[in-house]
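Structural overview for review
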Amino acid sequence: MIRVFRHYVPLPLLVLGIIEFVALILAAVLAWYGRLWQADLQFDSGFNVLPEVLTYACVTYVVMLAVGLYQSQCYRSVRMTAVRLAVALGIDFVALSVIFFTFPSVTTWRSVFVVAALLTYVFILMLRWIFSRLVGWHRFRRRVIVLGAGARARRLQAMAEAPGAGFEVFRYVQMAPGEADIEGAVPRESIGSLASFMEKNNVEDVVVALQERRGALPVSDLLHVRMSGFGVYELSAFIEQQTGRVDLDSLNPSWLIFSEGFRSSRRSALIIKRLFDILASSLLLLLTAPILVVTAIAIRLTSPGPIFYRQVRVGQFGEQFEVLKFRSMRVDAEKDGKPRWAQAGDPRVTPIGRIIRSTRIDEIPQIFNVLRGDMSFVGPRPERPFFVEELATKIPFYNERHIVKPGITGWAQLNYPYGASEEDARHKLEFDLYYIKNYTIFLDLLILIQTVRVVLWQDGVR
């Protein structure tokens, strides 16, 4: 894992992204030379296509990221890449047309970026095939040794055996007589010097996953390992790096207290985030105004009842507010007064409601909550007081998600399907805690860009 602005990025993903960005530049340059050759023209000394080339490469790269081409399951599948890349280049054509029309200083023939798009399609598919077949994703896997062979270590065993894992466990080391949960674990005495053992077997990191640290933590050995240049990680920190979530099953309060992060409440960060919210929500409101009008008319004509739906949600510091959404359910959806989770194929959803829920249009009016300051553009999704009270008694650290403003979209929405149970809420909390812990404006931008993928492929729609 490579840390970029406090956010962990898988190394193969970063390497592939850099290679593909160079390929986008190459595609744009070849398209320009080809078009000039076709028109029997030549570059003169004052002819500079660098703005056009970089514009094409940057916009195309952002669109590729937005449609999900850098999801782990996508960049390992050439077939999925082919489908999503075609969608990306279609969106890219529209975006570039708008940019080149809006900014006269950046001009080019449309045929140039049509040719560039065709070259991009071929280059990206070839690169991913070559990367997966000749380089191999397994070459980027970190080799680790795990100190511990109990229940905590089993958390890593399940992760290491999953497809696409970014690490492999070379040895599990039994540190106490009672640790016997993992078959094949070796006793501590059998490996001698830990640093020498790691160097001899090309092991990069140590993960400490002891059931009980008191009297079992080999402080001198770990100090020697650390001073020798190897990585030493506590289990919770290692899982956070590998998965982009804070693992509740391995978490303890002291780790939350002493670990790096949780600086989103600093005054400078709050000011930047608020300015970002106002700018982003105002821009989105302007762009979606026609959609809002059409949706309001459709709801009014097809279903009796109000156009908008107001519902009490829990916001920052536990304060309650009314969230504003387009009404997608019947007026009597909760006629008995008892809150219910939305389910797949929920019969309470109206025909128009099903469309606006699947496209996330029903969420757009929450922009007014953002402008008013009740919500942020990016953050944990706000939940209803009834569910918050219930979940807070069952899920540890659940109320900690309320230390920041809730959001229209968030890290949990990108990485986990629609939550409709206590177990779903638990998993989504793990991603929310990661977002709160590692918040930067870069992470907000990344989430906003990738939200396009959730809308396009309808991830987690109910």
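Residues numbered from 1 in each chain as written. Predicted model: local features only at pLDDT ≥ 70, side-chain atom pairs only at ≥ 80, totals over all residues. Heavy atoms only, no water.

Another aspect to go through is the packing of aromatic side chains. The geometry of an aromatic ring pair comes down to the distance between the two centres and the angle between the two planes. According to the stated counting rule, one finds 11 aromatic pairs in the structure shown. Seen in terms of ring centroids, Phe5 and Phe442 are 5.1 Å apart; in terms of plane orientation they differ by 40°. Their pairing is tilted. In this pair, Phe5 sits in the loop between strand 1 (2-4) and strand 2 (7-9) while Phe442 sits in helix 17 (residues 441-457), placing the two residues 437 residues apart along the sequence. On the basis of relative accessible area, Phe5 is assigned to the exposed category, the value being 57%. Phe442 sits in the partly exposed class, given a relative accessible area of 26%. With a centroid separation of 5.8 Å and 85° between ring planes, the pair formed by Phe21 and Tyr61 is classed as edge-to-face. Residue Phe21 is found in helix 1 (residues 11-38), and its partner Tyr61 is found in helix 2 (residues 50-66); the two are separated by 40 residues along the sequence. Since its relative accessible area comes to 24%, Tyr61 is described here as partly exposed. Cluster of aromatic residues (ring-pair linked, three or more members): Phe21, Tyr61 and Tyr70. (Phe/Tyr/Trp six-rings, centres within 6.5 Å; stacked < 30°, edge-to-face > 60°. Helix = DSSP H or I, 4+ residues; strand = E, 2+ residues; numbered from the N terminus. Buried < 20%, exposed > 50% of the residue type's maximum accessible area, 1.4 Å probe, protein only.)

Paired through their backbone hydrogen bonds, the strands of a sheet run either parallel or antiparallel. The parallel open sheet is built from five strands, whose spatial order is 5-4-3-6-7. Of all the strands in the sheet, the pair left with one neighbour each is strand 5 (186-187) and strand 7 (231-234). Of the pairings in the sheet, the one linking strand 6 (residues 205-208) to strand 7 comprises four bridges and is parallel in character. The partner of Val208 across the bridge, within strand 7, is Glu234. Those strands touched by helix 6 (residues 151-160) are strand 3 (142-147), strand 4 (167-174), strand 6 and strand 7, and its axis lies near 155° from that of strand 4. (Pairing = 2+ DSSP bridges. Contact = heavy atoms within 4.5 Å. Axes fitted to C-alpha atoms, helices over the stretch in contact; angles between N-to-C directions.)

Turning next to the side chain of Glu20. Looking at the secondary structure, you find Glu20 in helix 1. If we skip the residues at most four places from it in the chain, Glu20 touches Met64, Tyr70, Ile124, Leu127 and Arg128.

Okay, the environment of Thr243 next. Its place among the elements puts Thr243 in helix 9 (residues 235-243). Since its relative accessible area comes to 27%, Thr243 is described here as partly exposed. Dropping the residues within four chain positions of it, Thr243 is found in contact with Met159 and Phe431. Polar side-chain contacts of Thr243 include one of 2.7 Å to the backbone oxygen of Ile239. (Polar contact = N/O pair within 3.5 Å; in protein donor to acceptor, adjacent residues only side chain to side chain.)

Moving on, we get to helix 9. When you tally the buried positions in helix 9, you get eight out of nine residues, the bulk of the element. Residues Leu235, Ser236, Ala237, Phe238, Ile239, Glu240, Gln241 and Gln242 constitute the buried set of helix 9. Positive backbone phi, at 70°, marks Gly244, one or two positions downstream of helix 9.

A few words now on the packing of helix 4 (residues 78-102) against helix 17. Between helix 4 and helix 17, the shortest axis-to-axis distance is 13 Å and the interhelical angle comes to 110°. For the element pair helix 4 / helix 17, the angle class is roughly perpendicular. Considering the relative orientation of helix 4 and helix 17, their crossing is right-handed. Along its contact with helix 4, which presents Val83, Arg84, Val87 and Ile91, the element helix 17 presents Arg453, Leu456 and Trp457. For the contact of helix 4 with helix 17, a count of residues per class yields five nonpolar, no polar and two charged. (Parallel < 35°, antiparallel > 145°, perpendicular 65-115°, else oblique. Left-handed = near helix turned anticlockwise from the far one by under 90°. Nonpolar A, V, L, I, M, F, W, Y, C, P; charged D, E, K, R; others polar.)

Spatial relationships are all this shows, so hold off on functional conclusions.
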